[in-house]
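Okay, here's what each chain looks like letter by letter:
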Amino acid sequence: AQSVTQLDSHVSVSEGTPVLLRCNYSSSYSPSLFWYVQHPNKGLQLLLKYTSAATLVKGINGFEAEFKKSETSFHLTKPSAHMSDAAEYFCVVSYPGYSTLTFGKGTMLLVSP
Amino acid sequence: DTAVSQTPKYLVTQMGNDKSIKCEQNLGHDTMYWYKQDSKKFLKIMFSYNNKELIINETVPNRFSPKSPDKAHLNLHINSLELGDSAVYFCASSARGADTQYFGPGTRLTVL
């Protein structure tokens with residue numbers, strides 16, 4: 001069965017400091033991995049997607065994620081947090097042959113001035 | 001220009017009522033989905049339709065019945081609403097054979 005674990009339910013950073021949101025996945029097959037962001041009372045927006053073309057994936061708004069097969073990880077990073085980055089972030093996995101996405105439980109990113 | 005739209009955005013109703021949520025996508029996608037997000041923000045698939053045919057039904061009570069009049073629409077009907085049905089419901093769509101899904105803005109259902 002596919003699964004994804006987000007290691008932190010909340011992450012707090014100061015504006016201008018780096019962001020690290022951690023995600024690990026189960027590794028039965030070669031997965032597709034995604035990060036989605038949900039701003040308060042908004043829908044889900046795709047940040048970036050990994051599909052084996054390159055291990056370092058660049059997304060929107062300055063975010064990027066690195067696929068590390070040896071660690072079964074897909075952590076999301078950003079060099080410098082902005083107040084507008086405050087939101088819930090979901091790590092998501094999809095496996096070949098499965099048409100559905102499996103969501104992690106989410107990480108709330110809090111950004112202080 | 002909205003890719004995936006849902007109506008209504010908010011829905012407040014009494015226990016025992018029947019309600020519907022509508023979803024439309026203008027992306028030309030063949031596959032549409034319904035997800036439920038609970039109070040702890042956890043998202044779980046409920047249904048998936050491919051070109052108007054049901055392909056996934058994830059142990060959802062029979063009170064929930066999706067209906068797809070055409071491949072651009074997937075509506076969710078809920079009968080005999082219960083307190084536990086209170087949640088945010090998201091519609092999504094994807095192209096044939098693609099795993100990237102595009103989500104609607106969500107419908108917050110509150111059952112009193």
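Residues numbered from 1 in each chain as written. Chains lettered and ligands numbered in written order. Predicted model: local features only at pLDDT ≥ 70, side-chain atom pairs only at ≥ 80, totals over all residues. Heavy atoms only, no water.

Q: Sorry if this is basic, but what is going on with the interface of chain A and chain B here?
A: How big an interface is tends to be stated in terms of accessible area lost as the parts join. Facing 20 residues of chain A, the contacting portion of chain B comprises 20 residues. On the surface where chain A and chain B come into contact, there are two salt bridges. Connecting chain A to chain B are five residue pairs in polar contact (both at pLDDT 80 or more). Taken together, the elements giving at least two residues each to the side of chain A that touches chain B come down to strand E5 (32–38), strand E6 (44–50) and strand E10 (87–94) of chain A. Sorting elements by how many residues they give to the side of chain A that touches chain B places E5(A) first, with four residues. (Contact = heavy atoms within 4.5 Å. Salt bridge = Lys/Arg side-chain N within 4 Å of Asp/Glu carboxyl O. Polar contact = N/O pair within 3.5 Å; in protein donor to acceptor, adjacent residues only side chain to side chain. Helix = DSSP H or I, 4+ residues; strand = E, 2+ residues; numbered from the N terminus.)

Q: Even after reading the chapter, I still don't get the pairing of strand E8 (residues 73–78) of chain B, so can you show me in this structure?
A: Here is the key point about a regular strand: its side chains alternate between the two faces of the sheet. Residues and elements named next belong to chain B. Of the pairings in the sheet, the one linking strand E3 (residues 19–25) to E8 comprises four bridges and is antiparallel in character. By the bridge assignment, Glu24 is partnered in E8 with His73. Sheet topology note: the strand E7 (residues 64–70)/E8 ladder contains five bridges and is antiparallel. What sits directly across from Pro66, in E8, is Leu76. (Pairing = 2+ DSSP bridges.)

Q: Would you explain the sheet that holds E8(B) in this entry?
A: Residue and element names in this part refer to chain B. Spatially, E1-E3-E8-E7 is the arrangement adopted by the four strands of the open sheet, whose pairing is antiparallel. Edge positions in the sheet fall to strand E1 (4–7) and E7, since each has one partner strand and no second. Taking each pair of neighbouring strands and ignoring which way they run, the sheet shows an average axis angle of 20°. Two elements, E1 and E3, share four bridges in a ladder whose sense is antiparallel. If you follow Val4 over to E3, its bridge partner there is Gln25. (Axes fitted to C-alpha atoms, helices over the stretch in contact; angles between N-to-C directions.)

Q: Got a minute to help me understand the pairing of strand E4 (residues 31–37) of chain B in this structure?
A: Residues and elements named next belong to chain B. Most of E4 is tucked away, with six of its seven residues classed as buried. Alignment of E4 against strand E5 (residues 43–50), held across seven bridges, turns out to be antiparallel. Its bridge partner being in E5, Lys36 is matched across the sheet by Lys44. Taking the residues that link successive antiparallel strands as the turn, the E4-E5 hairpin has five residues, and the phi of Lys41 there is positive, at about 75°. Both E4 and strand E9 (residues 87–94) contribute to a ladder of seven bridges, which runs antiparallel. Counted as the bridge partner of Tyr33 is Ala92 from E9. (Buried < 20%, exposed > 50% of the residue type's maximum accessible area, 1.4 Å probe, protein only.)

Q: Explain the nonpolar core to me, please; I cannot follow it from the model alone.
A: One broad rule of soluble globular proteins: the nonpolar side chains tend to lie buried together. Core analysis: the biggest nonpolar cluster contains 27 residues, and A:Trp35, A:Phe74, A:Leu76 and A:Tyr89 have the highest contact counts within it. Contact partners of A:Phe74, with chain neighbours within four places excluded, come to A:Cys23, A:Leu33, A:Phe34, A:Trp35, A:Leu48, A:Tyr50, A:Val57, A:Ala65, A:Glu66 and A:Phe67. By size, the runner-up hydrophobic cluster in this structure holds 20 residues, among which are B:Met32, B:Tyr49, B:Tyr89 and B:Leu109. (Core = buried A, V, L, I, M, F, W, Y, C linked by side-chain atoms within 4.5 Å.)

Keep in mind these values describe shape, not function.
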